[in-house]
Every structure is written in C-alpha cells, then in structure tokens.
Amino acid sequence: MIRVTATVTAITLLAAASVDAQSLVITRAGSRAVRPAPAENFTGAARVEMLFEALEPSHASGGSVTFEPGARTAWHSHPRGQILIVTAGTGRVQRWGDSFEEIRAGDVVQILAGQKHWHGASPHASMTHIATTESLEGTRVQWMEQVSDAQYNGVPLASDGHAQSPAPPPLQPQSPSPPSDAVRPSGPLQQKVAPGMATLTDDVLYGDVWNRPELSPRDRSLVTITALIAIGKTAPLAGHLGRALDNGVQPGAASGLLAHLAIYCGWPSAVAALEAYDQVYTARKIDTAGLRASSPRLPAPVSDAARAAAATEEFGAVAPKFVQLTNGVVFGDLWRRSDLSVRDRSLVTIVALAATGDDDQLDTYVRRGLESGLTRSQIAEAVTHLGFYAGWSKATKAMTAITKSFGK
C-alpha cells in the first residue's frame, strides 16, 4: 500500500551536506533552473525544479514538481522508495492494482521500494509536491508505460492491471450515463459523504451557474474569491485562485483585490488569505517582485467631490481622522489604483458587503458600479452566484437592497 499522512504543522526540510568539515551547501531560491518535465515520462504540462543532488555519503536527492490540471507521471518505481510532500493544490496518487487516492497541500505520501505507481494533479486543479528519492547503485527511478486516460479517470483495473474492457452495449436504448465520479467537480469525498450535495455541486453550481453568460468566468472568479475571503473560508481559496488565474485574472489584479478587501472586510480576513496566495503564486512561479511595480493612478470620478463633501459634513465634527482616511486613503488612494478597474472594484465591493451582511452600504456602491460600467443584470447575477458561497440568506438580503437601489 501507499501510506498517506496529513500534516497540520509546517514541515521544514533541512538538507545539509558537507563538502568538507567547515562548509554548508546552500542554493538560493530563484537560482535553480526550472525545466519542463520530459514528455516521454509525463502526460500533460509539468515543471521540475531540482532542489538538491545527492552528495556523498548521502544517496538522497530532491526536487519540486508542479503539475498543471490533468498532468501526471508515467507508471514508475523507485529501488529505495520515495517520499512526496504536497505543498500546493490537489492531486492524485495510485499504486498499481489499487484505486487512486486524492492528496492535498500538507499531505505526505510514503511509497515503498519497488512499488509501481504514478502521481499528478487532479483534473481541475494544479498540484505541486517535493519528491525525495534515494539511489541504489546509481539508479533512482525505473520508468514504465504512460498512465492512460482510463486509468487516470478511475476506470477499475482488471487483475492484470489494465483497464477493464467496457461492458457490451445494452439491448434496449438507455439514457446517457452520468460522468465518471472521478472527473465530477464534487470530487470523491463529497460523493461518498454527501451525495445529495454532490448532485447540487455537479448539476447546479458547476453544471449551470458557473456556465451562465450573464457574468464572464473571470467575473465569477472575482466574486468567488471575494466571498471566500470576506467570510473567512480560506480552505478552498487556493483552488479558486488558481481557477481565477486560468480565467484571466492577472496576478496584479488578484493581489490588488486582497488590498481592497483588507479595507472592506478588515485586515484579519485579508491576512488569513495570504498563505493560499503564496501557495498558488509559488506553484505557478509567479514573479512576485513585479507586483511591487508602481502603476499609473486612475482619475477621480466626477462624483467623488460630492461624496467627499457629504462624508465631511456627516462625520467631520465627530471623527475628523475617519473622514481624512475615508477621503484620502480609501477613495483618494485605493480606488484610484489601476491594478483593478473601478468597475471591478465596484463589483467586488458589492459582493464583499453582501457576503458580510452590510446591506445598508450597498446603495452607494451599486450606483458607483452602474456609473463605472456594471449592468443591472451583472450585479444581480453576482449576488445570485454569491448565494452558493456565502449562503442564500445573505444573498436574499442583498438582493432586496439592490432591488431598492435599482428602483431609485
């Protein structure tokens, strides 16, 4: 069997090999080459960063491998076994003759010597792991045949290890078979523990809502990430952030969103999301230095002078510092940053306020959104989408508020 354990604390790997009694070998982050995984041993897109080679008397070496969704190794074995430490995303591992197992960030997989196996990403999410292997007489791995789509998608294996032949067609016409459990968005755990929820996930959330044309996939990703950060549900955040990048959200916009939500949802909510961001950016080799580059400022909207005057009149006598921060930082700085458009900031602010139940603030931002290019149908669709991530009661309250705003 393959042994999988879940870690709840950070794992620190210390590899110290002495060239002589006085020195340590240190390779700095960013100094190691990242190369495409060889096509003869991998299916799909994968990248390999060799972290360290064996130095005598050690026989251990290690590397970091990032698999894009659907990518995986060929079948292979190791003469002295292997340890995988999943650092980001969701993946799969399978021993010859067994069903595959899902693995997630923080899991540790111990593969025994000589076991034929494969590992890679899940169909809908990337996965990065660190792999450590020892060599035996100069050999670390024995590569075998590629993993077929049928094996990857969970078709049961026959006694010889090959995918079972499909059953003969029925004599009478039947309705089309549902998709394989292995490739359904709900995933094996949800299908096992909560099949009714899995049906809603597959048929309604991903089969219908995510495909509706009223909002683009990019906008739906912005709505989803905003909702997860606003309500503090960061466990699924890494997967949805990866989906957002695939849907066209640029890293600068994703990071700008985090700064925006620090203001509207509070610093703890934004800080709680940092680890998921770091996992995804690291796995995708995103140049975070580029996120610090200065960008041009957007012009202040014509209506902003009236807004600033109203804030000063309402709060100035009681809380002058609050007015200064509102006018100078929130609207004078944050809303004029170009990493997010005013239209996008309006969208995510509406979603954040709706997710946290601050419906009395929605009217101002609904009007700002309409002025900056959002349509009424897009705003209503964003709140509909939000219902699946923040709850239907929150969406219902927000829908009541925006309906009143539309009627003004």
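Structure: above.
Keep in mind it's a predicted model, so treat the numbers as computed, not measured.

## Brief notes about helix α5 (residues 237–246)
Of all 10 residues making up α5, seven are buried, and the element is well covered by its neighbours. Leu237, Ala238, His240, Leu241, Gly242, Ala244 and Leu245 are the residues of α5 that are buried. In this structure, the buried side of α5 is in contact with α4 (217–230), α6 (251–265), α8 (274–283) and α13 (376–390). Just downstream of α5 lies Gly248, where phi reads positive at about 105°.

## Focus: a nonpolar patch on the surface
Judged by side-chain polarity, Ile263, Trp267, Val271, Leu274, Leu325 and Val329 come together as a nonpolar surface patch covering roughly 520 Å² of accessible area. Secondary-structure elements contributing two or more residues to the nonpolar patch are α7 (267–272) and α10 (320–330). The topology assignment puts Trp267 in helix α7. On the basis of relative accessibility, which here comes to 53%, the residue Trp267 falls in the exposed class.

## A closer look at the nonpolar core
Among the nonpolar cores identified, the biggest contains 61 residues, and Ile225, Ile229, Leu237, Leu257 and Tyr277 are the most heavily contacted of them. Contributing elements (two or more residues each) for this core: α4, α5, α6, α8, α11 (342–355), α12 (362–371), α13 and α14 (392–406). Residue contacts for Leu257: discarding those within four places in its chain leaves Leu222, Ile225, Thr226, Tyr277, Leu340 and Val348. In terms of nonpolar packing, the next biggest core, distinct from the first, is built from 15 residues, Ala46, Val86, Val93 and Val109 among them.

## Regarding the pattern of salt bridges
For the structure shown, the criterion picks out 22 salt bridges. The salt bridge involving Lys285 is made with Glu49; its shortest N-O contact spans 2.9 Å. Of the two residues, Lys285 is situated in the loop between α8 and α9 (304–315) and Glu49 in strand β4 (residues 46–52); the sequence distance between them amounts to 236 residues. In this structure, the salt-bridge partner of Glu214 is Arg212, at a minimum N-O distance of 3.4 Å. Taken together, the salt bridges that share partners define one network made up of Arg212, Glu214, Arg220 and Glu381.

Criteria and thresholds
- Residues numbered from 1 in each chain as written.
- Predicted model: local features only at pLDDT ≥ 70, side-chain atom pairs only at ≥ 80, totals over all residues.
- Heavy atoms only, no water.
- Buried < 20%, exposed > 50% of the residue type's maximum accessible area, 1.4 Å probe, protein only.
- Helix = DSSP H or I, 4+ residues; strand = E, 2+ residues; numbered from the N terminus.
- Contact = heavy atoms within 4.5 Å.
- Patch = residues over 30% accessible without salt bridge, like charges linked within 9 Å, V, L, I, M, F, W, Y side chains within 5 Å.
- Areas by Shrake-Rupley, 256 points an atom, 1.4 Å probe, with all protein chains shown as cover.
- Salt bridge = Lys/Arg side-chain N within 4 Å of Asp/Glu carboxyl O.
- Core = buried A, V, L, I, M, F, W, Y, C linked by side-chain atoms within 4.5 Å.

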